[in-house]
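Analysis of the macromolecular model
The lines below spell out each chain.
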Amino acid sequence: PKILDVENLSARYGQVVALHGVSINIRAGELVAVLGPNGAGKSTLLRSVMGLTTSTGSVRFDDQSLPRRGTSRIARAGVVLVPEGRGIFAPMSVAENLQLGAYMIGGRGTEFERRRDRVLTLFPRLRERLNQTSGSLSGGEQQMLAVGRAMMAEPRLLLLDEPSLGLAPKVTAEILETLGQLNRSGLPILLVEQKAPLALKLANRAYVMSNGRISAEVDPREINSHA
Ligand code: ADP
Ligand code: ADP
């Protein structure tokens, strides 16, 4: 079954058409990558699914139409985005940023403690930094916090926009490994990534975008066996 089914999605910024009728899908349990150069429309695709950009077309999540506006409504439906540039609040502590992720869907009480424990198990480095200002973390730790905050909302589909951006290979590998672990535990993931080799190591399937269109669909197993 398809967990996400995007059909004929179009979006523009003024005169600039950023998406020309894009169709993609994610089946239950899959990790699907969207590759392509800068300006291809990858972020706009995620932003449109998330209701952050006006778009036309159909977005179905778990066999229901996803609201087209209202990020918090979409998050409560189970779709959460880790945006490009991470989107954490630098002056707030790590603990406060995690709390925001839970607030997004109305989390509280013991439920909150249990969620936070799971997130800190995924990213043990954050446990030692709970009371630090988020802006004082390294780039890699900030990305861990961004993913952790998204997980506090207990998504049923996780969207990620270039999680490797600006990070050293070692910490990138650590973060991607954790994403792979989450996926193997059953979480479907849509991963936008410019660094194709990294994404293809993890993905079940991959779409390539250019100029606002899907230009190819690739099978990572074929690519990896030629690499
Ligand atoms: P990618 O994520 O693949 O780099 P984007 O979705 O960011 O691509 O951009 C797709 C197109 O839309 C590009 O031509 C880009 O310049 C344009 N674009 C993106 N955001 C804006 C914006 N806020 N205003 C105007 N044009 C934008
Ligand atoms: P299973 O259902 O296979 O037992 P779990 O749902 O318990 O798998 O999760 C497996 C792994 O994924 C664990 O390491 C868990 O901490 C992590 N995980 C799964 N969902 C979340 C979540 N919403 N937040 C944080 N960690 C999670």
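See the structure shown above.
Scope of this entry: the structure provided in the associated data block. (Residues numbered from 1 in each chain as written. Chains lettered and ligands numbered in written order. Predicted model: local features only at pLDDT ≥ 70, side-chain atom pairs only at ≥ 80, totals over all residues. Heavy atoms only, no water.)

1. Observations regarding the sheet that holds strand β1 (residues 2-13)
What counts, and what does not: Should DSSP find at least two bridges between two strands, the strands are regarded as paired. A helix here means a DSSP run of H or I that spans at least four residues, while a strand means a run of E at least two residues long, and both kinds are numbered starting from the N terminus.
Ordered by their spatial adjacency, four strands build an open sheet running β2-β1-β4-β5, and the pairing between neighbours is antiparallel. The open sheet has two edge strands with one neighbour each: β2 (16-27) and β5 (64-65). Sheet topology places strand β4 (residues 56-61) next to β5; two bridges connect them, and they run antiparallel. The partner of F61 across the bridge, within β5, is Q64.

2. Quick look at the site of ligand 2
To keep things clear, this is the line we draw: We call a residue near a molecule or strand whenever a single non-hydrogen atom of that residue lies within 4 Å of it. As used in this structure description, the phrase polar contact means that two N or O atoms lie within 3.5 Å; if the pair is within protein, one of them must be able to donate a hydrogen and the other to accept it, and residues adjacent in sequence are counted only when both atoms belong to side chains. Calculation of accessible area relied on Shrake-Rupley with a 1.4 Å probe; when residues are assessed, cover is drawn exclusively from the protein chains displayed.
Close to ligand 2 lie R118, V119, L122, M151, E154, Q181, L182 and S185. A distance of 2.8 Å separates a nitrogen atom of ligand 2 from a polar atom in the side chain of R118. Residue S185 places a side-chain N or O atom 3.4 Å away from an oxygen atom belonging to ligand 2. The fraction of the free accessible surface of ligand 2 (540 Å²) that becomes covered by protein chains is 56%.

3. So, the nonpolar core
The test is simple: Working definition of a nonpolar core: buried Ala, Val, Leu, Ile, Met, Phe, Trp, Tyr and Cys residues. They are joined through side-chain atoms within 4.5 Å. Relative accessibility decides the category of a residue: with a 1.4 Å probe and only protein chains considered, values under 20% of the type maximum give buried, values over 50% give exposed, and everything between is partly exposed. We call two residues in contact when some of their heavy atoms are within 4.5 Å.
In this structure, L98, L126, M151, L158, L160, L179 and I189 are the most contacted members of the largest nonpolar core, which totals 42 residues. Per-element accounting of this core gives the leading share, seven residues, to helix α6 (residues 139-152). Residue contacts for M151: discarding those within four places in its chain leaves V119, L122, L158, L182 and L187. Judged by nonpolar contacts, the second largest core, of 28 residues, contains V6, V59, F61 and L66.

4. Examining the site of ligand 1
Going by this rule: Three classes are used, and their members are as follows: Ala, Val, Leu, Ile, Met, Phe, Trp, Tyr, Cys and Pro are nonpolar, Asp, Glu, Lys and Arg are charged, and the others, Gly among them, are polar.
With respect to spatial proximity, the complete set of residues near ligand 1 consists of Y13, V16, A18, P37, N38, G39, A40, G41, K42, S43 and T44. Note that an oxygen atom of ligand 1 is positioned 2.8 Å from one of the side-chain N or O atoms of K42. When the free accessible area of ligand 1 is taken as 560 Å², the share hidden by the protein chains comes to 59%. Sorting the residues of the shell around ligand 1 by element identifies β2 and α1 (42-49) as the ones contributing at least two each. In terms of residue count, the dominant contributor to the shell around ligand 1 is α1 (three residues). Residue composition of the shell around ligand 1, by class: five nonpolar, five polar and one charged.

5. Focus: the pairing of strand β10 (residues 213-218)
Direction of pairing for strand β9 (residues 205-210) relative to β10: antiparallel, over a ladder of five bridges. For Y207, the partnering residue across the bridge sits in β10 and is E217. As consecutive antiparallel partners, β9 and β10 are separated by two residues, and within that stretch N211 has a phi angle of approximately 50°, a positive value.

Keep in mind these values describe shape, not function.
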